[in-house]
Amino acid sequence: MAEEKLVIISDKWGSKKGLWIASYFGYLQQYYDIVYYDCQQLGNIDVSISSEENIDRAFKENGIKMAVSSLIKKETQPAHYLAFGMGATVIYKASLMGLPTKTITAISAIGIETEEQAAPTDVQLIYGECDKSKPGLKWAKSVGANLKIVPNFGHTLYSDEKIISEISLELLENVTKKAV
């Protein structure tokens, strides 16, 4: 069975605070050929003091644009994508700029409600109900976004073991359906 390619993009913390990401690899690596990108490296983020404010500012100033551009240069063939937080923002924006994708699972993307283009049909946006950065339903309807809200979770729902297993199982269903 030819393995499908899955590109995983970290949240704004990159590999520094991403031990939870290993759980996704545990579920998915035997079924997918996984390529991993540290969102900070994609965006060429280099802050002397690694505080949340400094990292957020660096992404807003030029990091998101840089990360989108880097990703589009690196990934030229259609693939499946799984991305978190700032990484989800990067993949969403890259898909609007023509990045070839098969499916996108974007969890807790930040600030995408400023986009007015129609959302690509292969994008699933997942947010915790308590996430302050989740877009409104009005926006989702206006761009045709596939929005899923998970009750009782906040922004970092993607690092919760229950959510990790649910999302991984959905991704595995996608790949095993095609193999049958």
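Before going into details, it helps to say that this report is about the structure given with it.

Criteria and thresholds
- Residues numbered from 1 in each chain as written.
- Predicted model: local features only at pLDDT ≥ 70, side-chain atom pairs only at ≥ 80, totals over all residues.
- Heavy atoms only, no water.
- Helix = DSSP H or I, 4+ residues; strand = E, 2+ residues; numbered from the N terminus.
- Buried < 20%, exposed > 50% of the residue type's maximum accessible area, 1.4 Å probe, protein only.
- Contact = heavy atoms within 4.5 Å.
- Areas by Shrake-Rupley, 256 points an atom, 1.4 Å probe, with all protein chains shown as cover.
- Core = buried A, V, L, I, M, F, W, Y, C linked by side-chain atoms within 4.5 Å.
- Polar contact = N/O pair within 3.5 Å; in protein donor to acceptor, adjacent residues only side chain to side chain.
- Expected span 1.5 Å × (residues − 1).
- Bend = angle between axes of the 7 residues up to and from the residue.

1. Side note on the overall build of the protein
In terms of helices and strands, the protein carries six helices and six strands. Reading the secondary structure of the protein in the N-to-C direction produces β-α-β-α-α-β-α-β-β-α-β-α. With respect to the principal axes defined by its C-alpha atoms, the protein has extents near 45 × 35 × 35 Å. When burial is assessed residue by residue, the protein has 53% of its 180 residues classed as buried. In the protein, the share of contacts with a sequence separation of at least 24, taken over all contacts with a separation of at least 6, comes to 59%. When the accessible surface of the protein is split by element, carbon and sulfur atoms take 52% of a total near 9,100 Å².

2. Focus on helix 4 (residues 86-96)
Counting buried positions along helix 4 yields eleven of eleven residues, so the element is predominantly enclosed. By the burial criterion, the buried members of helix 4 are Met86, Gly87, Ala88, Thr89, Val90, Ile91, Tyr92, Lys93, Ala94, Ser95 and Leu96. Two residues or fewer after helix 4 comes Gly98, characterised by a positive phi angle close to 100°.

3. Brief notes about the environment of Lys93
Within the secondary structure, Lys93 sits in helix 4. Between the alpha carbons of Lys93 and Gly136 there is a distance of 18 Å; along the sequence they are 43 residues apart. Those residues in contact with Lys93, other than ones at most four positions away along the chain, are Ile64, Val68, Thr114 and Glu115.

4. Let's talk about the nonpolar core
Residues Ile9, Leu71, Tyr81, Ile91, Tyr92, Leu125 and Trp139 are the most contacted members of the largest nonpolar core, which totals 38 residues. Every element with two or more residues in this core is listed here: strand 1 (4-9), helix 2 (39-42), helix 3 (52-74), strand 3 (79-84), helix 4, strand 4 (101-107), strand 5 (123-128) and helix 5 (137-143). If we skip the residues at most four places from it in the chain, Leu125 touches Tyr92, Ala106, Ile112, Trp139, Ala145, Asn146, Leu147 and Lys148. Core analysis: the next-biggest nonpolar cluster, separate from the first, contains 23 residues, Trp20, Ile21, Phe25 and Ile167 among them.

5. Details of the side chain of Asn54
Considering the arrangement of structural elements, one finds Asn54 in helix 3. There is a polar contact of 3.2 Å between the side chain of Asn54 and the side chain of Arg57. The contacts of Asn54, once residues within four sequence positions are left out, are Val47 and Ile49.

6. Brief notes about helix 3
Helix length check: helix 3 (23 residues) gives 27 Å between terminal C-alpha atoms against 33 Å at 1.5 Å per residue, more than 12% under. The axis of helix 3 is deflected most strongly, by about 65°, at Asn62. Turning to helix 3, its buried residues are Asn54, Ile55, Asp56, Ala58, Phe59, Gly63, Ile64, Ala67, Val68, Ser70 and Leu71. Elements that come into contact with the buried residues of helix 3 comprise strand 1, strand 2 (32-37), helix 2, strand 3 and helix 4.

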